[in-house]
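Close look at the chain arrangement
Here are the chains, one letter per residue:
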Amino acid sequence: MTAEKDAQRATTAVNAAMLERLAFDDTRDFADASRGLVAAAPGDALKRDNGFPIWDMAAYDFEDAEQAPQTVNPSLWRQARLNKIAGLFQVTEGIYQLRGMDISNLTIIEGDTGIIVIDPFISVETAQAGMRLYREHRGDRLVVAVIYTHSHVDHYGGVRAIVSAADVASGRVKIYAPSGFLEHAVAENVFAGTAMSRRSHYQYGVFLPRGPRGQVDLGLGKAVSSGTITLIPPTDLIDRTGTTLTIDGVPIEFQLTPGTEAPAEMNFYLPTFRALCAAENATHTLHNLLTLRGAEVRDARAWSAYLNEAIDRFAGRTDVLFASHHWPTWGTGNVHEFLADSRDMYQFLHDQTLRLMNHGLTPMEIAETLTALPPGLDRKWYARGYYGSLSHCVRAVYQRYLGFYDGNPAHLNPHQPVDAGRRYVEAIGGAEALLGKARQAFAEGDYRWVAELVNHLVFADPGNKAARELAADALEQLGYQCENGTWRSIYLTGAYELRHGVFKGGDLTTVSPDTIQAMSVDLYFDYLGIRIDGDKAAALPEMVLNWRFTDIGEDYAVTVRNAALTYRAGAQDALANATVTLTKAVLDRIGLGETTFERAIASKEIGIDGDATALPSILGTLDTFDLMFNIVEP
Ligand SMILES: [Zn+2]
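Now for a description of the structure that goes with this document.

The rules we used
Residues numbered from 1 in each chain as written. Predicted model: local features only at pLDDT ≥ 70, side-chain atom pairs only at ≥ 80, totals over all residues. Heavy atoms only, no water. Helix = DSSP H or I, 4+ residues; strand = E, 2+ residues; numbered from the N terminus. Rg over C-alpha atoms; globule rule 2.2 N^0.38 Å. Buried < 20%, exposed > 50% of the residue type's maximum accessible area, 1.4 Å probe, protein only. Contact = heavy atoms within 4.5 Å. Lys, Arg positive; Asp, Glu negative; His and termini not counted. Charge placed at Lys NZ, Arg CZ, Asp CG, Glu CD. Donors = N, O, S within 2.8 Å, 3.2 Å for Na, K, Ca; no water. Tetrahedral: all angles 85-135°; square planar, octahedral: opposite > 155°, others 65-115°. Core = buried A, V, L, I, M, F, W, Y, C linked by side-chain atoms within 4.5 Å. Pairing = 2+ DSSP bridges. Axes fitted to C-alpha atoms, helices over the stretch in contact; angles between N-to-C directions. Parallel < 35°, antiparallel > 145°, perpendicular 65-115°, else oblique. Left-handed = near helix turned anticlockwise from the far one by under 90°. Expected span 1.5 Å × (residues − 1). Salt bridge = Lys/Arg side-chain N within 4 Å of Asp/Glu carboxyl O. Phe/Tyr/Trp six-rings, centres within 6.5 Å; stacked < 30°, edge-to-face > 60°. Lys NZ or Arg CZ within 6 Å of the ring centre and 35° of its normal.

**Observations concerning the overall build of the chain**
Counting its regular elements, the chain contains 23 helices and 21 strands. Computed over its C-alpha atoms, the radius of gyration of the chain comes to 26 Å, within 12% of the 26 Å expected for a compact globule of 634 residues. Along the three orthogonal principal directions, the C-alpha set of the chain runs to about 75 × 75 × 50 Å. Looking at the chain as a whole, 55% of its 634 residues qualify as buried. Sequence-distant contacts, at least 24 apart, represent 73% of the contacts inside the chain between residues at least 6 apart. Distance between charge centroids for the chain: 2 Å, based on 56 positive and 79 negative side chains.

**Some thoughts on the coordination of the zinc ion**
In an ideal tetrahedron of four donors about a metal, each angle is 109.5 degrees. In an ideal octahedron of six donors, the angles are 90 or 180 degrees. For the zinc ion, the full set of protein donor atoms is Asp154 (OD), His155 (NE2), Glu280 (OE) and His325 (NE2), at a range of 2.0 to 2.2 Å. Classification of the site at the zinc ion as irregular follows from its four donor atoms and the range of 86 to 176 degrees in their angles at the metal. Sequence spacing of the donors to the zinc ion: D-H-x124-E-x44-H. His155 shares its class with Asp154; the two are buried.

**Side note on the nonpolar core**
For soluble globular proteins, the rule of thumb is that nonpolar side chains tend to be buried together. With 82 residues, the main nonpolar core has Val146, Tyr148, Ile162, Val163, Phe525, Trp547 and Phe597 as its most contacted residues. Each residue touching Trp547, except ones within four places of it in the same chain, is listed here: Phe525, Glu554, Asp555, Tyr556, Val558, Gln572, Val580, Leu582, Phe597 and Leu615. The next biggest cluster of nonpolar side chains, apart from the first, holds 41 residues, and it includes Trp303, Phe338, Ala396 and Tyr398.

**Digging into the sheet that holds strand β9 (residues 174–178)**
The strand order across the open sheet formed by eight strands is β1-β4-β5-β6-β7-β8-β9-β10, and the pairing between neighbours is mixed. Two strands in the sheet have a free side with no partner beyond their single neighbour: β1 (37–40) and β10 (236–238). Ignoring strand direction, the axes of neighbouring strands in this sheet form an average angle of 20 degrees. Pairing between strand β4 (residues 87–92) and strand β5 (residues 95–99): five bridges, direction antiparallel. Counted as the bridge partner of Phe89 is Gln97 from β5. Lying over the sheet, helix α4 (residues 124–138) contacts β1, β4, β5, β6 (106–110), β7 (115–118) and β8 (143–147), oriented at roughly 140 degrees with respect to β5.

**Here's the deal with the sheet that holds strand β21 (residues 607–610)**
Spatially, five strands are ordered β19-β18-β17-β20-β21 in an open sheet, and the strand pairing comes out mixed. Of all the strands in the sheet, the pair left with one neighbour each is β19 (564–569) and β21. On average, each strand axis in the sheet is inclined to that of its neighbour by 20 degrees, with strand direction left out of account. Strands in contact with helix α19 (residues 521–531) are β17 (543–549), β18 (554–561) and β19; relative to β19, the strand with the most contacts, it is inclined by about 165 degrees.

**Topic: the packing of helix α16 (residues 465–481) against helix α17 (residues 485–500)**
In contact at an axis separation of 8 Å, α16 and α17 are set at 160 degrees when each is read in the N-to-C sense. Put simply, α16 runs roughly antiparallel to α17. α17 is crossed by α16, and the crossing has left-handed handedness. Across the interface between the two elements, Arg468, Ala471, Ala472, Asp473, Leu475, Glu476, Leu478, Gly479 and Tyr480 from α16 touch Arg488, Tyr491, Leu492, Gly494, Ala495, Glu497, Leu498 and Arg499 from α17.

**A look at α17**
Under the 1.5 Å per step criterion, the end-to-end length of α17 is 22 Å for 16 residues, consistent within 8% with the ideal 22 Å. Buried within α17 are the following residues: Gly485, Thr486, Arg488, Ser489, Tyr491, Leu492, Thr493, Gly494, Ala495, Glu497, Leu498 and Arg499. The secondary structure elements touched by the buried residues of α17 are α3 (74–83), α7 (193–204), α15 (447–460) and α16. Positive phi shows up at Gly501, right after α17, with a value of about 85 degrees.

**Details of the environment of Glu93**
Topologically, Glu93 is positioned in the loop between β4 and β5. Between the C-alpha atoms of Glu93 and Asp6, which are 87 residues apart in sequence, the distance is 48 Å.

**What to know about the pattern of salt bridges**
All chains considered together, the criterion is met by 34 salt bridges. Arg317 is the partner of Glu253 in a salt bridge, and the nearest nitrogen-oxygen pair spans 2.8 Å. With a gap of 64 residues between them, Glu253 in strand β12 (residues 250–256) and Arg317 in the loop between α8 (300–314) and β15 (320–322) connect regions that are remote in the sequence. Taken together, the shared-partner salt bridges connect Lys5, Asp473, Glu476 and Arg499 into one network.

**Some words on the packing of aromatic side chains**
To describe a pair of aromatic rings, you give the distance between the ring centres and the angle between the ring planes. Tallied over the entire structure, the rule returns 24 aromatic pairs. Relative to Phe597, the ring of Trp547 lies with its centre 6.2 Å away and its plane at 80 degrees, an arrangement referred to as edge-to-face. Note that Trp547 is positioned in strand β17 and Phe597 in helix α22 (residues 597–602), a separation of 50 residues in sequence. Overall, Phe597 belongs to the buried group, its relative accessible area being 5%. Three or more aromatic residues joined by ring pairs make a cluster, and in this case those are Tyr524, Phe525, Trp547, Phe549, Tyr556, Tyr567 and Phe597. Stacked on the ring of Trp330, the Lys or Arg Arg35 has its end atom at 4.1 Å from the ring centre.

The structure is reproduced here in structure tokens:
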């Protein structure tokens, strides 16, 4: 077992060059990130029952030093220090933000009788800590409304710390969200949930030690909290730009921005405060067009267009812009420049990628060609790639238009990693010859090549210790060089797992009980179909089951044929093999693991008329997913 290494010469050279290239003497962000501080966040860590930290800013005290260590890119170090400024801040009179207490911001607007809470963090625990700090300094004000700006978990997961489901059900508290919120919030975390959760361990470096050789910052915020994720569905959907509501005496003008940073997202303007909430559409980083944990690719063109619309509608009457990550921007001129620069950034990425695509360049060729934004943007701190990066954003634009295939027939049907690995190792003359070449490349500082070359050997022979060590060393140097916080986390997590194996005791997933309960029956059947093992189900005869959900009054006709599950909502099939009668509540309990189909059938909570073997034979083909699958080895 090897340990983390120092930065090598090639790495310190890359990091030193950043100091020359960027405008480190521009320190306005530090003033803005501290402006309006009411109270610093308490330093004590929040922990799970098993001791795993939920949120622990004190673990980042090593970032207090102004000068970056050699193992951290100085630009990322600067962002890390900004993201460490944590507490309760006044944005303007009547608007407060809790920042640095989760990856996202929790914003509070003080209304006539109570408060409106915007985006209650990821976890109940961090949201509780935030609200406690707010109430200590602003009094015990009642929550009268919640706004979710968009469908990502860091903007709703702590909601049960803010309001109870009963207060929402009784109508005392309304929850506002953009149209399509629930479908996207749930679907994103369910269909590909296991794969995404596992890949997010890499993107967020959740299991990495905190320190100058470990996780340092995610660019968008310090880290993701690991507490209890909840979801209370919205009561009021905003479905039209220009909708104006008065909530607790506060007029709010909404702008829908679907297909930008999230499939369901909205900005809104507060005329009384001359304040604009830009959700996650304009933050102090180049954002992701494709999140590396895996997600549907975003639309840079729509993103740019909606920022343009926000400028038109709001910028001229805005004194302060705040968002759900990072610190606000004050001053009408600054707000305009910030929005216009953000708009240009996404449009530039979109247009230049398409221009190069139309010259025949393929993804990596485009990424190696578009290595900087235009000079007017390149040295602006908020245009730096701390969360998105130019490299992966341009590949995302390519993916959106042309997909995974780069057009080269040699890449149409390559061998899969293990088979390719064996052939590469053999072609190079065996493991020792490969390692010799890789060590030479390492000495020359070509860590990208080392990573690629040795990866073939690790996949050919995952037991080769020297290969694992060298691969880890290369990924680590690449991580140390990253300006992008998520790239750093990904490289360092790869290095960690090559050295120590998959993290033990990792059970962090975004599939929470509330998410399961928020699933519609449609979504449930979609997910059931995803769990059918195609090989096992191939032998089943065609089967049709009528389903009746007595508590919600919904009927479904579900067909399993050719190992594919399809359904018709609101239908019953006269020739069905059987009719399954149950409640949605029982289905939810099955989803939560509180009972199973088999037990619910035995206890008559599920009634079956007709062929009693039909449902069990389908259930017998269902697959289960193991979260902690391998990534850096077969
Ligand atoms: Zn977010």
